[in-house]
Amino acid sequence: MKKILLLALIVLSQNVTCQEPIVPQSALEKVADFKGQQVTGISLSDTGRIFANFPRWRKNVEYSVVEIGENRAAAPYPNAQWNSWKVGDKDQDSIFVAVQSVIASEDELFVLDTRNPLFKGVVSNPRIFVFDLESNKLKHIYELGDDSFYRDSYINDLRVDRTNDHIYLTDSNHAGLVVIDLETGESQRVLSDHYSTLAETDELTINGKQYRNTIHSDGIALDEAEGLLYYHSLTGYTLYTVPTKTLREGSGAEIQNAVKEVAKTTAPDGMILNSDGMLYLADLENNAIMRYNMNSGEQEILAQGEKIRWADTFSIYNGYLYYTNSRINEVKEDISNMDFSIYRIKL
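Residues numbered from 1 in each chain as written. Predicted model: local features only at pLDDT ≥ 70, side-chain atom pairs only at ≥ 80, totals over all residues. Heavy atoms only, no water.

> For this particular structure, what's the right way to read the layout of surface pockets?
Regions of empty space are outlined by a rolling probe, equal in size to a water molecule, passed over the atoms. Taken as a whole, the largest pocket holds about 890 Å³ of empty space. What lines the largest pocket is a set of 32 residues, among which Arg159, Leu222, Glu224, Ile272 and Leu273 lie closest to the centre. Counting only elements with at least two residues in the lining of the largest pocket, the list comes to strand S2 (41–44), strand S6 (99–105), strand S10 (155–161), strand S16 (217–223), strand S17 (228–233), strand S20 (271–273) and strand S24 (311–317). Looking at side-chain class alone, the lining of the largest pocket contains 16 nonpolar, 8 polar and 8 charged residues. Of the pockets and cavities examined, the second largest pocket occupies roughly 310 Å³. Forming the boundary of the second largest pocket are 18 residues, of which Trp57, Phe119, Tyr211, Asn213 and Ile215 lie nearest the centre. Partitioning the lining of the second largest pocket into residue classes produces 8 nonpolar, 6 polar and 4 charged. (1 Å grid on protein atoms, 1.4 Å probe; cavity = no way out; pocket = protein on both sides within 12 Å on 5 of 7 lines; lining within 4 Å. Points joined across faces, edges and corners; volume = space filled by probe spheres on them. Helix = DSSP H or I, 4+ residues; strand = E, 2+ residues; numbered from the N terminus. Nonpolar A, V, L, I, M, F, W, Y, C, P; charged D, E, K, R; others polar.)

> Teacher, can you tell me more about the packing of aromatic side chains here?
How two aromatic rings sit relative to each other is given by the distance of their centres and the angle of their planes. As enumerated under the stated definition, the model contains 15 aromatic pairs in all. Pairing Trp57 with Phe119 gives two aromatic rings, centres 5.8 Å apart and planes at 25°, and the pair type is stacked. Taken as a pair, Trp57 in the loop between strand S3 (50–53) and strand S4 (65–68) and Phe119 in the loop between strand S7 (108–113) and strand S8 (127–132) lie far apart in primary sequence, 62 residues in all. Trp57 sits in the buried class, given a relative accessible area of 17%. Relative to Phe129, the ring of Phe96 lies with its centre 5.7 Å away and its plane at 65°, an arrangement referred to as edge-to-face. Of this pair, Phe96 sits in the loop between strand S5 (74–76) and S6 while Phe129 sits in strand S8, and the two are 33 residues apart along the sequence. (Phe/Tyr/Trp six-rings, centres within 6.5 Å; stacked < 30°, edge-to-face > 60°. Buried < 20%, exposed > 50% of the residue type's maximum accessible area, 1.4 Å probe, protein only.)

> Teacher, can you tell me more about empty space enclosed by the protein here?
What the rule picks out here adds up to 2 cavities of 30 Å³ or more. Of the voids in this model, the largest cavity is the one considered here, and its volume is about 50 Å³. As a volume, the second largest cavity reaches approximately 40 Å³. Residue lining of the second largest cavity: Gln100, Ser101, Asn156, Asp157, Asp218, Gly219, Asp269, Gly270, Asp312 and Thr313, and that is the complete set. Within the residue set of the lining of the second largest cavity, elements represented by two or more residues are S6, S10, S16 and S24. Residue composition of the lining of the second largest cavity, grouped by class: no nonpolar, 6 polar and 4 charged.

> Hey, could you run me through the sheet that holds S24 in this one?
Each strand in a sheet pairs with its neighbour through backbone hydrogen bonds, running either in the same direction (parallel) or in the opposite one (antiparallel). With antiparallel pairing, 4 strands are arranged side by side in an open sheet as S1-S26-S25-S24. One side of each edge strand has no neighbouring strand; the edge strands of this open sheet are strand S1 (29–35) and S24. Ignoring which end each strand starts from, the neighbouring axes of this sheet average 20° apart. Both strand S25 (residues 320–325) and strand S26 (residues 339–346) contribute to a ladder of 6 bridges, which runs antiparallel. Paired with Leu321 across the bridge in S26 is Ile345. (Pairing = 2+ DSSP bridges. Axes fitted to C-alpha atoms, helices over the stretch in contact; angles between N-to-C directions.)

> Whenever I open this one, the pairing of S24 confuses me. Can you help?
Each regular strand carries side chains that alternate between the two faces of the sheet. The buried fraction of S24 is high, at 5 of 7 residues. Here S24 pairs with S25 via 5 bridges, running antiparallel. Counterpart to Ala311 in the pairing with S25 is Asn325. Hairpin remark: S24 followed by S25, antiparallel, with 2 residues in the connecting loop; positive phi at Asn318, about 55°.

> How should the pattern of salt bridges be read in this particular structure?
Pairing between side chains of opposite charge can happen when their charged atoms approach one another. Within this structure, the stated rule accounts for 19 salt bridges. The shortest N-O distance in the salt bridge between Glu29 and Arg344 comes to 3.2 Å. Remark: Arg344 occurs in strand S26 and Glu29 occurs in strand S1; sequence separation between them is 315 residues. For Glu29, a relative accessible area of 31% translates into the label partly exposed. Its salt-bridge partner being Glu203, residue Arg212 comes within 2.4 Å of it at the nearest N-O pair. What makes Arg212 exposed here is its relative accessible area of 58%. The class of Glu203 is buried, set by a relative accessible area of 16%. Residues participating in the shared-partner salt-bridge network are Glu106, Glu108, Lys139 and Arg162. (Salt bridge = Lys/Arg side-chain N within 4 Å of Asp/Glu carboxyl O.)

> Could you clarify how one ought to interpret unusual backbone geometry in this entry?
Across residues other than glycine, the phi torsion is negative in most instances, and most of the peptide bonds are trans. Put simply, Tyr77 and Pro78 share a cis peptide bond, and its omega is -5°. Backbone geometry places Asp193, a non-glycine residue, at a positive phi of 55°. For Asp193, a relative accessible area of 45% translates into the label partly exposed. You will see that Asn207, though not glycine, has its phi angle at about 55°, which is positive.

As structure tokens, then:
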């Protein structure tokens, strides 16, 4: 009964327009699919190059990072050697261990390596590898300082703030955010175990079945022009924001006091803010993608149906929203016969 009342309050507070999805299922275009390889991250460069990644959640990961060509073929990026790590190998700074996210920004690709293979704990400091997209060569490594993560951390997603030369990251396993100064390389952890970064529930209901897990701060979106960072726990229904200036310059207490609740939403994974003020976020429990108008507070169903199966990560390019289907709630031990895909939606 408590859960029913909670869900009722969430629905009442969401201001969701009761309508059919804006985009019909027939208009969702498949970009690529992967047999037995669970894709999570996707990012498109300014020139339309498509990058995707596969987390080290099991031993049979073929490649950590790929670039998808025009024929939908996936090639290891930047090469096979960088993607050759196997469970039990020594970790090093010229090889991916457990990649969770990729972000193309200007002429660079940021590859977030959790260094937490199989969710068994961080084997070395999480880091971000930065590649020059013109030469496809490693350009820089940002390593999280010892005070910026815990041994059970799973650094999940990131946004690059070019205006202020910083990176903002979420930790989905040990609630909190991490801020990295691109000029100095220094990192700091903020909002650890704060109410805004903690999960609100330990279960979701998807297709009538219970998905039980506790996943903290996960989805993240950046409004660079307004200087605001938005973030959301995965097993939760509240969207929060904090000024990026406060994240960079404020004390711990000032950061906590600057946090504001934005809205009650669906439980998301993927989340991205478009330049027109529209925030796109997954609705995991209803196989949907939502659109939230940051100006009016109105929420609508962008798309819904079988072509959306745990929308994990979003990227926007040339008027299209790209998303990955990681099917996390459906996965069992053996995924060799499962298909994981990337789709796009015309906005």
